[in-house]
Amino acid sequence: MRPKSHPILNLKFLLLGIFTAFFLLFVLRSNFPTSMQSESPISQTFIPKVTKAVNCSTCTKIPPSLAQALIHYSTSTITPQQTQKEISVSARVLEKKSPCNFLVFGLGHDSLMWNTLNYGGRTIFLEEDESWIQQIRRRFPMLESYHVTYDSKVNQANNLMDVGRGPECTALSDPRYSMCQLALKGLPSEVYETKWDLIMVDAPTGYYEEAPGRMTAIYTAGMMARNREDGETDVFVHDVNREVEDKFSKAFLCEGYMKKQVGRLRHFTIPSHRDDLEKPFCPQ
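Note that the structure is predicted; figures quoted are calculated from it, not measured.

Chemist: Hey, could you run me through the overall build of the protein chain in this one?
Modeler: Scanning the protein chain from terminus to terminus reveals 10 helices and seven strands. Counting only residues that meet the buried cut, the protein chain has 51% of its 284 residues in that class. Partitioning the intrachain contacts of the protein chain with sequence separation of at least 6 by distance along the chain shows that 70% fall at a separation of at least 24. Summed over all atoms, the accessible surface of the protein chain reaches about 13800 Å², with 51% contributed by carbon and sulfur.

Written out as structure tokens, the structure reads:
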């Protein structure tokens, strides 16, 4: 979630395009009668066509959060870690579902973008580095973030994979009360009590042996989706080019629930299992 600082011009234009599109939609919808409003799907570049001039005397003021995001991404040389195509996958789902409940494992240079794309909804960020949280809060106090600790390590991944196949891990349960070693039980109460529409797993750190790795985050995201009362949850996992993210997303989010993979990002749609307790952990 916290990439090296490097200018990527095309990605910068994408971000500006996204926020410009949301602003234009916001303005147009506020000026058209309700009966004439309809959802307008985001195109591949996220820039809607405008065929009619807007009477600015009746324009609604731009939301402060959107204004701040536009200023930030137009002046920053630091770009999100995800590529343009990867961001587009999640952004298209957000365009359909927002305002919604969006849980993000990780806090980084893309957090303001995700929060703004879910304008009017609730976006929560979970971060392992407490000092980083304080730094981001000083810059963007509107972001809702919480410190999370992980007791796993990447070098334990093979053992945790074996543990995850046991009945205590495949049984449907609330993660905070689960007997499974993979379940994260110390998250803020808000995380367990919210029905999440989207979950993004882009943390914790997982690129060296002693790092916490994303084994427990991936498993917990899948169980939250299965344990919701009804409906389905879109779950995204980044960095699936790495062994842990690759194997754990396939095993615990299930290849049968995978919608697509673009670059290093996988998109899964996981239905609630509470309406059918006999439903297998993964579709057969």
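Chemist: Help me understand the packing of aromatic side chains in this model?
Modeler: For any pair of aromatic rings, the description rests on two quantities: the centre-to-centre distance and the angle between the ring planes. For the structure on display, the rule yields five aromatic pairs. Each ring, one from Phe 102 and one from Trp 114, has its centre 6.0 Å from the other, and the planes form 85 degrees; the classification is edge-to-face. Of this pair, Phe 102 sits in strand β1 (residues 101–105) while Trp 114 is found in helix α4 (residues 111–117), placing the two residues 12 residues apart along the sequence. Look at Phe 102 and you get buried, because its relative accessible area is 0%. Here the aromatic rings of Phe 248 and Phe 252 are separated by 5.5 Å at their centres, their planes lie at 40 degrees, and the arrangement is tilted. Of this pair, Phe 248 and Phe 252 are both found in helix α10 (residues 243–254), four residues apart, which corresponds to roughly one turn of the helix. What makes Phe 252 buried here is its relative accessible area of 3%. Ring-pair connections join several aromatic residues into one group, and the members of that group are Tyr 219, Phe 248, Phe 252 and Phe 281. Stacked on the ring of Phe 281, the Lys or Arg Arg 226 has its end atom at 3.8 Å from the ring centre.

Chemist: I would appreciate a short explanation of the pattern of salt bridges in the present structure.
Modeler: Pairs can form between side chains of opposite charge whenever their charged atoms are close. Within this structure, the stated rule accounts for 18 salt bridges. In this structure, the salt-bridge partner of Arg 266 is Asp 246, at a minimum N-O distance of 2.7 Å. On the criterion of sequence distance, the pair formed by Arg 266 in strand β7 (residues 265–271) and Asp 246 in helix α10 is long-range, its members being 20 residues apart. Counted as one network, the salt bridges with shared partners bring together Glu 86, Asp 202, Arg 214, Asp 239, Arg 242, Glu 245 and Arg 264.

Chemist: Looking at this model, I keep getting lost on the environment of Asp 230. Mind explaining?
Modeler: Here Asp 230 lies in the loop between α9 (215–227) and β5 (232–238). Its relative accessible area of 41% is what places Asp 230 among the partly exposed residues. Excluding residues within four positions of it along the chain, Asp 230 makes contact with Lys 195 and Ser 272. A polar contact is formed between the side chain of Asp 230 and the side chain of Lys 195, at a distance of 3.2 Å.

Chemist: Could you clarify how one ought to interpret α9 in this entry?
Modeler: Side chains of residues three or four places apart in an α-helix project in the same direction, reflecting 3.6 residues per turn. A rise of 1.5 Å per residue sets the reference length of α9, with its 13 residues, at 18 Å; its end C-alpha atoms lie 18 Å apart and thus fit the reference within 8%. Along α9, 13 of the 13 residues are buried, which leaves the element largely enclosed by surrounding structure.

Chemist: I would appreciate a short explanation of the state of the cysteines in the present structure.
Modeler: Two cysteines whose sulfur atoms are joined by a covalent bond form what is called a disulfide. Counting across every chain of the model gives two disulfides. Here Cys 169 engages in a disulfide with Cys 180; their sulfurs sit 2.0 Å apart. Because the sign of the S-S torsion sets the handedness, a value of about 90 degrees for the bond joining Cys 169 and Cys 180 places this disulfide among the right-handed ones. With Cys 169 in helix α7 (residues 167–170) and Cys 180 in the loop between α7 and α8 (189–193), the pair connects residues that are 11 residues apart, well separated along the chain. Classification of Cys 169 as buried rests on a relative accessible area of 0%. Along the protein chain, the cysteines engaged in disulfide bonds are linked according to the scheme 1-2, 3-4 when indexed in sequence order.

Chemist: What's the story with the packing of helix α6 (residues 157–164) against α10 in this structure? I'm lost.
Modeler: The angle between the axes and the distance between the axes are what describe a pair of packed helices. In contact at an axis separation of 11 Å, α6 and α10 are set at 0 degrees when each is read in the N-to-C sense. Considering the angle they form, α6 stands roughly parallel to α10. Side by side, α6 and α10 meet where Ala 157, Leu 160, Met 161 and Gly 164 of the first sit next to Val 244, Lys 247, Phe 248, Ala 251 and Phe 252 of the second. In terms of residue class, the contact of α6 with α10 is built from seven nonpolar, one polar and one charged.

Chemist: How should I be thinking about the packing of α9 against α10 in this particular structure?
Modeler: Direction vectors running N to C along α9 and α10 enclose 20 degrees, while the axes themselves pass 9 Å from each other. One way to sum up the angle between α9 and α10 is to call them roughly parallel. Like other packed secondary-structure pairs, α9 and α10 cross with a definite hand, here right-handed. Side by side, α9 and α10 meet where Met 215, Ile 218, Tyr 219, Gly 222 and Arg 226 of the first sit next to Val 244, Glu 245, Phe 248, Ser 249, Phe 252, Leu 253 and Cys 254 of the second. When its residues are assigned to classes, the contact of α9 with α10 shows eight nonpolar, two polar and two charged.

Cut-offs and rules
Residues numbered from 1 in each chain as written. Predicted model: local features only at pLDDT ≥ 70, side-chain atom pairs only at ≥ 80, totals over all residues. Heavy atoms only, no water. Helix = DSSP H or I, 4+ residues; strand = E, 2+ residues; numbered from the N terminus. Buried < 20%, exposed > 50% of the residue type's maximum accessible area, 1.4 Å probe, protein only. Contact = heavy atoms within 4.5 Å. Areas by Shrake-Rupley, 256 points an atom, 1.4 Å probe, with all protein chains shown as cover. Phe/Tyr/Trp six-rings, centres within 6.5 Å; stacked < 30°, edge-to-face > 60°. Lys NZ or Arg CZ within 6 Å of the ring centre and 35° of its normal. Salt bridge = Lys/Arg side-chain N within 4 Å of Asp/Glu carboxyl O. Polar contact = N/O pair within 3.5 Å; in protein donor to acceptor, adjacent residues only side chain to side chain. Expected span 1.5 Å × (residues − 1). Disulfide = S-S within 2.5 Å. Axes fitted to C-alpha atoms, helices over the stretch in contact; angles between N-to-C directions. Parallel < 35°, antiparallel > 145°, perpendicular 65-115°, else oblique. Nonpolar A, V, L, I, M, F, W, Y, C, P; charged D, E, K, R; others polar. Left-handed = near helix turned anticlockwise from the far one by under 90°.

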